[in-house]
Amino acid sequence: MEEKYIQQFKKGAYEMILLSLIAQKETYGYEILTEIQKQGGEIFAFAKEGTIYPILYRLTKAGLIQYRLVPAKANGGEKKYYSLTGEGKDMLEKMKNFWENYKDCVDGFMKGDA
Amino acid sequence: MNRETYIRKVKKQLDCSVKEKEEIVRDLQEIFDSGKEHGKSESQIIKQLGKPQAYAQALGCGRQTMPLSGKRKVAVVFLAVGGLFCLYALGESLRFRMPKNAIGGGDAMTMIVLQNSSPVNSSEIFGGLAVICMVALVFLLRKKKK
């Protein structure tokens, strides 16, 4: 399948996937990236920094996730450790419900009996 | 391109507050530090981040238009100066335009000799050039479609 169609599919899911990972435990950018690559099978095996980090930034600006800065022992820099805000928890629930309906609807079309 | 150059290029593409720019730069430092911790080279990380303009756009803070390239900047300056000069010259030529009935109204021969006998009026030339300069300027400075 052409890359542009794959990207369109993935675009819709990333926010929900990131919120879901952050809901499981407080985590930081590189760990999130690695988890997506590990758990995402062949679909997300090559998830990139240029995709994931901007979404984390946008989710923060939207008030769905928050962070605390933790000094990084290895190199003297800092890491942002993310967690969901109250709004983020609500949004994740709404997204999950929508996803279930969306899945059923699209499956219906694919089977030709919507 | 190295880490600092990449970060500088992204910063140039950002259209947001100073505080937000600082946060984005901090985030990029963290991305490079984390990548380095896990054995990635700067060029590998840069490849994973994508082009600076695309990264800035993905954040939601990208500039609407590209900054003017060097050549374009020079062209804009020339056209602006040229256009202003033409407008000035147009104004001057209109000020010194001879009245319609200046010739032929006298009772006797005069010693006035017309020096400019070109078929085209200088006002029209300067006016036309000024219009061309302004149109070209608008064309060069137009916002590119996203």
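About the criteria used
- Residues numbered from 1 in each chain as written.
- Chains lettered and ligands numbered in written order.
- Predicted model: local features only at pLDDT ≥ 70, side-chain atom pairs only at ≥ 80, totals over all residues.
- Heavy atoms only, no water.
- Salt bridge = Lys/Arg side-chain N within 4 Å of Asp/Glu carboxyl O.
- Helix = DSSP H or I, 4+ residues; strand = E, 2+ residues; numbered from the N terminus.
- Axes fitted to C-alpha atoms, helices over the stretch in contact; angles between N-to-C directions.
- Parallel < 35°, antiparallel > 145°, perpendicular 65-115°, else oblique.
- Left-handed = near helix turned anticlockwise from the far one by under 90°.
- Contact = heavy atoms within 4.5 Å.
- Nonpolar A, V, L, I, M, F, W, Y, C, P; charged D, E, K, R; others polar.
- 1 Å grid on protein atoms, 1.4 Å probe; cavity = no way out; pocket = protein on both sides within 12 Å on 5 of 7 lines; lining within 4 Å.
- Points joined across faces, edges and corners; volume = space filled by probe spheres on them.
- Patch = residues over 30% accessible without salt bridge, like charges linked within 9 Å, V, L, I, M, F, W, Y side chains within 5 Å.
- Areas by Shrake-Rupley, 256 points an atom, 1.4 Å probe, with all protein chains shown as cover.
- Lys, Arg positive; Asp, Glu negative; His and termini not counted.
- Charge placed at Lys NZ, Arg CZ, Asp CG, Glu CD.
- Phe/Tyr/Trp six-rings, centres within 6.5 Å; stacked < 30°, edge-to-face > 60°.
- Buried < 20%, exposed > 50% of the residue type's maximum accessible area, 1.4 Å probe, protein only.
- Lys NZ or Arg CZ within 6 Å of the ring centre and 35° of its normal.
- Buried area = accessible area lost by both parts, 1.4 Å probe.
- Polar contact = N/O pair within 3.5 Å; in protein donor to acceptor, adjacent residues only side chain to side chain.
- UniProt positions renumbered as here; feature names shortened; annotations may be inferred.

**Q** Please explain the pattern of salt bridges as it appears in this structure.
**A** Close approach of charged atoms allows side chains of opposite charge to pair. All told, the structure shown has 15 salt bridges over all chains when counted by the stated rule. Of the charged contacts in the structure, one is a salt bridge between A:E49 and B:K40, with a shortest N-O distance of 2.7 Å. Here the residue A:E49 occupies a position in helix α4 (residues 49–61), and B:K40 occupies one in the loop between α2 (18–37) and α3 (42–49), the pair thus bridging two chains. With a closest N to O distance of 2.9 Å, A:K80 and B:D27 form a salt bridge.

**Q** Is there a simple way to think about the packing of helix α1 (residues 3–24) of chain A against helix α5 (residues 86–111) of chain A in this case?
**A** Two quantities define a packed helix pair, namely the angle between the axes and the distance from one axis to the other. Residue and element names in this part refer to chain A. With their axes 10 Å apart at the nearest point, α1 and α5 run at an angle of 130° to one another. Here α1 is positioned oblique relative to α5, judged by the angle of their axes. When you trace α1 past α5, the crossing you get is left-handed. Along the contact surface, α1 presents E15, M16, L19, S20 and A23, while α5 presents G88, M91, L92, M95, K96 and W99. In the contact of α1 with α5, the residues fall into 7 nonpolar, 2 polar and 2 charged.

**Q** For this particular structure, what's the right way to read empty space enclosed by the protein?
**A** Rolling a probe over the atoms, with the probe sized like a water molecule, indicates the empty space that remains. Per the counting criterion, the structure on display carries 1 cavity of 30 Å³ or more. Approximately 80 Å³ is the volume attributed to the largest cavity. Considering the residues around the largest cavity, the lining is formed by A:G29, A:Y53, A:L56, A:Y57, A:K80, A:Y82, B:I24, B:R26, B:D27, B:E30, B:Y55 and B:L59. Those elements giving two or more residues to the lining of the largest cavity turn out to be α4 and β3 (78–84) of chain A together with α2 and α4 (52–59) of chain B. Per-element accounting of the lining of the largest cavity gives the leading share, 4 residues, to α2(B). Grouping the constituent residues of the lining of the largest cavity by class yields 7 nonpolar, 1 polar and 4 charged.

**Q** Explanation requested: the packing of helix α1 (residues 3–13) of chain B against α4(B) in the structure shown.
**A** Residue and element names in this part refer to chain B. In contact at an axis separation of 8 Å, α1 and α4 are set at 50° when each is read in the N-to-C sense. As the angle between them shows, α1 and α4 are arranged oblique. When the axes of α1 and α4 are compared, the crossing they make is right-handed. Contact with α1, carried on its side by Y6, K9, V10 and Q13, involves P52, Q53, Y55 and A56 of α4 and no other residues of that element. For the contact of α1 with α4, the class distribution of residues is 5 nonpolar, 2 polar and 1 charged.

**Q** I tried to follow a positive patch on the surface on my own but got confused; where do I start?
**A** Taken together, the side chains of B:R8, B:K9, B:K12, B:R63 and B:K73 present a region of like positive charge at the surface. Residue contributions to the positive patch peak at 3 residues, all from α1(B).

**Q** Please clarify how the packing of aromatic side chains should be interpreted in this entry.
**A** Working definition: an aromatic ring pair is given by the centre-to-centre distance plus the angle between the planes. All names here are of chain A. Summed over the entire model, instances satisfying the criterion amount to 6 aromatic pairs over all chains. With 6.3 Å between their ring centres and 70° between their planes, Y67 and Y82 make a pair best called edge-to-face. With Y67 in strand β2 (residues 65–71) and Y82 in strand β3, this pair connects stretches of sequence that are 15 residues apart. Judged by its relative accessible area of 32%, Y67 is partly exposed. One aromatic cluster is present, formed by F98, W99 and Y102 through successive ring pairs. Across from the ring centre of Y67, 4.2 Å away, lies the NZ or CZ of K80, which sits over that ring.

**Q** Help me out: how do you make sense of the interface of chain A and chain B in this one?
**A** Listed as interface residues are 20 residues of chain A and, on the opposing side, 19 residues of chain B. Counting each side, the surface lost to burial between chain A and chain B is near 1900 Å², with a carbon and sulfur contribution of 50%. The largest contributions to the chain A side of the interface with chain B come from A:Y30, A:E49 and A:Y57, which together make up 35% of the buried area. For the pair chain A and chain B, the interface holds 5 salt bridges. Where chain A touches chain B, the interface holds 10 residue pairs in polar contact (both at pLDDT 80 or more). Within the residue set of the side of chain A that touches chain B, elements represented by two or more residues are α2 (29–39), α4, β2 and β3 of chain A. For the side of chain A that touches chain B, the element with the highest residue contribution is α4(A), accounting for 7 residues.

**Q** Would you mind going over the UniProt feature "transmembrane region" (unreviewed entry) in chain B with me for this structure?
**A** Residue and element names in this part refer to chain B. As recorded in UniProt, the sites labelled "transmembrane region" (unreviewed entry) are residues 74–91 and 125–141. With 100% helix and 0% strand, residues 74–91 has end C-alpha atoms that lie 26 Å from one another. Overall, residues 125–141 shows 100% helix and 0% strand. The separation of its end C-alpha atoms is 24 Å.

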